[in-house]
Amino acid sequence: MVKICCIGAGYVGGPTMAVIALKCPFIEVTVVDISVSRIDAWNSEQLPIYEPGLEDVVKQCRGKNLFFSCDVEKHVGEADIVFVSVNTPTKTQGLGAGKAADLTYWESAARMIADVSKSDKIVVEKSTVPVKTAEAIEKILTHNSDGINFQILSNPEFLAEGTAIQDLLTPNRVLIGGRETPEGIKAIEKLKNVYANWVPVESILCTNLWSAELSKLAANAFLAQRISSVNAISALCEATGADISEVSHSVGTDTRIGPKFLNASVGFGGSCFQKDILNLVYICECNGLPEVANYWKHIIRINDYQKSRFVNRVVSSMFNTASGKKIAILGFAFKKDTGDTRETPAIDVCKGLLGEKANLSIYDPQVSADHIERDLSTEKFDWDHPAHLQPMSPTAIKQVRVEWDAYEATKDAHGLCFLTEWDEFKKLDFQRIYNDMQRPSFVFDGRNIVDAVKLRRIGFIVYSVGKPLDP
Ligand code: NAD
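Conventions adopted
Residues numbered from 1 in each chain as written. Predicted model: local features only at pLDDT ≥ 70, side-chain atom pairs only at ≥ 80, totals over all residues. UniProt positions renumbered as here; feature names shortened; annotations may be inferred. Near = placed C-beta within 6 Å. Helix = DSSP H or I, 4+ residues; strand = E, 2+ residues; numbered from the N terminus. Nonpolar A, V, L, I, M, F, W, Y, C, P; charged D, E, K, R; others polar. Domains from an automatic or database assignment. Contact = placed C-beta atoms within 7 Å. Axes fitted to C-alpha atoms, helices over the stretch in contact; angles between N-to-C directions. Parallel < 35°, antiparallel > 145°, perpendicular 65-115°, else oblique. Left-handed = near helix turned anticlockwise from the far one by under 90°. Core = buried A, V, L, I, M, F, W, Y, C linked by C-beta atoms within 7 Å. Buried ≥ 20, exposed ≤ 12 C-beta atoms within 10 Å, placed from the backbone. Arc of directions from axis to C-beta.

You'll find the protein chain entered in an unreviewed UniProt entry as UDP-glucose 6-dehydrogenase, with Cucumis sativus given as the organism. Taken verbatim from the UniProt record of the protein chain, the Catalytic activity (unreviewed entry) comment is "UDP-alpha-D-glucose + 2 NAD(+) + H2O = UDP-alpha-D-glucuronate + 2 NADH + 3 H(+)". Listed in UniProt under the heading Pathway (unreviewed entry), the comment for the protein chain reads: "Nucleotide-sugar biosynthesis; UDP-alpha-D-glucuronate biosynthesis; UDP-alpha-D-glucuronate from UDP-alpha-D-glucose: step 1/1."

Draft legend 1. Geometry of the site of the ligand. Looking at the ligand, there are 27 residues lining it, with Gly8, Gly10, Tyr11, Val12 and Ser127 nearest. Sort the elements by how many residues they give to the shell around the ligand and helix H5 (residues 104-116) lands first, with three residues. Taken together, the residues that form the shell around the ligand break down as twelve nonpolar, eleven polar and four charged.

Draft legend 2. Representation of the domain arrangement of the protein chain. Looking at the assigned domains, one finds that the protein chain contains domain 1 (3-199) and domain 2 (220-464). In this complex, domain 1 contributes 19 residues to the contact, which on the side of domain 2 involves 19 residues. Class assignment for the residues of the side of domain 1 that touches domain 2 results in ten nonpolar, six polar and three charged.

Draft legend 3. How the structure looks around the packing of helix H9 (residues 209-240) against helix H12 (residues 290-317). Running from amino to carboxyl end, H9 crosses H12 at an angle of 45°, the nearest separation of the two axes being 9 Å. If you check the angle between H9 and H12, you find them oblique. Here H9 and H12 pass one another in a crossing that is left-handed. For the pair H9 and H12, the contacting residues are Ala221, Ala224, Gln225, Ser228, Asn231, Ala232 and Ala235 in the first and Trp296, Ile299, Ile302, Asn303, Gln306 and Arg309 in the second. Class assignment for the residues of the contact of H9 with H12 results in seven nonpolar, five polar and one charged.

Draft legend 4. Quick look at the nonpolar core. Ile329, Leu330, Leu353 and Cys417 are the most contacted members of the largest nonpolar core, which has 70 residues in total. With eight residues, the single largest contributor to this core is H12. Contacts of Leu330, omitting those with residues within four sequence positions, involve Tyr363, Ala406, Ala409, Leu416, Cys417, Phe418, Leu419 and Phe425. Membership of the second largest hydrophobic core comes to 60 residues, among which are Ile4, Ile7, Val29 and Leu153.

Draft legend 5. Layout of unusual backbone geometry. In this structure, the amide linkage connecting Arg439 to the following residue, Pro440, adopts the cis form with an omega of -15°. Relative to the helices and strands, Pro440 resides in the loop between helix H17 (430-436) and strand S15 (442-445). Even without being glycine, Phe261 reaches a positive phi, approximately 60°. Take Phe261: it is sitting in the loop between helix H10 (244-252) and helix H11 (273-286).

Draft legend 6. Region of interest: helix H6 (residues 133-143). Looking at H6, one finds that the buried residues are Thr133, Ala134, Ile137 and Leu141. Across the axial projection of H6, the buried residues extend over an arc of 90°, all falling on one side. Turned more than 90 degrees away from the buried face of H6, the exposed residues are Glu135, Lys139 and His143.

Draft legend 7. Just the packing of H11 against H12, in detail. At a minimum axis separation of 8 Å, H11 and H12 run at an interaxial angle of 165°. When the interaxial angle is binned, H11 and H12 end up roughly antiparallel. Once H11 is placed against H12, the crossing between them reads as left-handed. Residues Gln274, Ile277, Leu280, Val281, Cys284 and Glu285 of H11 form the contact with H12, whose participating residues are Pro290, Val292, Ala293, Trp296, Lys297, Ile299 and Ile300. Considering only residue class, the contact of H11 with H12 consists of ten nonpolar, one polar and two charged.

See below:
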C-alpha cells in the first residue's frame, strides 16, 4: 500500500488529504502536525476548521485510510510521498521583513524529513513558497542524509476557503512541477497517478519546478488584482454616479475579461492574497525589477485604501463623528462559509472605527467571541513600515461586544455594517432591525448583499460600495 504523509494539518493539509483518502481508498494517508490541539480536533467530532462538506468526507475515511497524528517523525519516516503543507507567513523581522516569506517552518520540516528518512522519497511542496524554494530544499535534504534519493515536486494548492471540498473534488487544474531528469519525470508520473484517480488527465498540468512555484504566486496576484481593479473603479463610481454593478456587468460580458471575481467590496482578505503578493514583490526586488515590484505593491495599496475609504464613509455619513455611537458589525470572517479571520478586512475596519471611539457590537455565525477579541487586540503589522507595530489601546477593546445573534447586535445601533457576505444576512427581518435601531438608521453594505431599494423604503439610509448614494 502506498503511504502518504502530510506535514501540516491546517486549512490546506487537512481538506486536501481528506479528499485524497476519499478518492484513493488503497492509499494510506496520515496528516501530522506539531499542534496537539489541532490533531485532537481532527480526531474529534468538532473539526478544527469549518468548511462545507469537510465533516462528511472526514467521517467516511477517518480510521480507515485517513489518520491524524502528532507522531510526526514516525509517519514521515514510513511514507513514500511526503507533502509539506506548513504555514509560510510574511517575515516580520530581519532581511525582507514585511515582504519575504518566512520559511522557518518549511526548513525545519525539511531537516526533519532528512533526519528520519531511511528510504527514497518524493517530497511535495504543497505550501505556497517563493520561486526557487525547491532548490534550497534539495540542498537541505541531500546535505543532511546519506545516499537517499529525494525528488522534490511542486504541487501548489488552488483551493479557495469556503469551497475547499468542491474545489478539491473538481479542480480547474492540478499543477505538478518537477525536475526534467528521468527521476524527476518518474516522480511527476507517480503523483499524477494519485490525482488521476478522480481528476481528468487533461486537467493535470505538468511543468518545470520554477513554473509551478511561480504559477501559484501569479494566480493569487491576478485574483487580487481583479478585486483591486474593480474596487478602484468603485471609488470612481461613487464620485461620478455610475453604478459598479452595471459597470462590472458591462465589463465582464467581454469574453476576454469574463464575469467572475468582479464584485466590489470593502476589500480582500484571507491568509494568502496579501502574503503572496508581498512575496512576489520581494522576489521582484531581489531580481532587480523595482518597477514590476511597485506594480504589484499597488494591488495591496488599493486594498488598504478601500478599507480606509469604507471607514471614512461610515464616519462622515454619521455627521462626522462615531464617538460613543453603537455600530453593529455583521460578519467578521474574511469571506462567507469559513470561520477564518486571517487578514480579514473586518479587523482593519473595526480598528478604524474603534479609533473613532465607536462602540462595536459584532456578530459572525462562525467566529467566536474569543477569536474576535484576540484579533482586535493583536498588534497590527504594517507591511509598508515593518518597524511599526500598532498596538491596540487597552481601552479600545472595552468598546467591543460580541453577540450571538444579528438582532441582538443591531439593537439600539446607529449604524450597521455588513463585512462578510453570509447568506443568512440576506434573509434578516430588516423591518424588525429598523424598529430596534436609533434614528437615522444607517446601513453600510461592504459586500453589496442587501437590497438597498427595499431597505430605503423601510427608512434606512443605505451606502453600498460603488453605488449612487441615497437619493
Ligand atoms: P495553517 O496555518 O492552517 O496550517 C499549517 C500547519 O502546519 C499548522 O497547523 C502548523 O502547526 C503546522 N506545522 C508547522 N510547522 C510544522 C512542522 N515542522 N511539523 C508539523 N506541523 C507543522 O496554514 P494553511 O492555511 O493550511 O496554509 C498552508 C500553506 O498552504 C501556506 O503556505 C499557504 O500559503 C498555502 N495555501 C493556503 C491556502 C488557504 O486557503 N489557506 C490555499 C492555498 C495555499
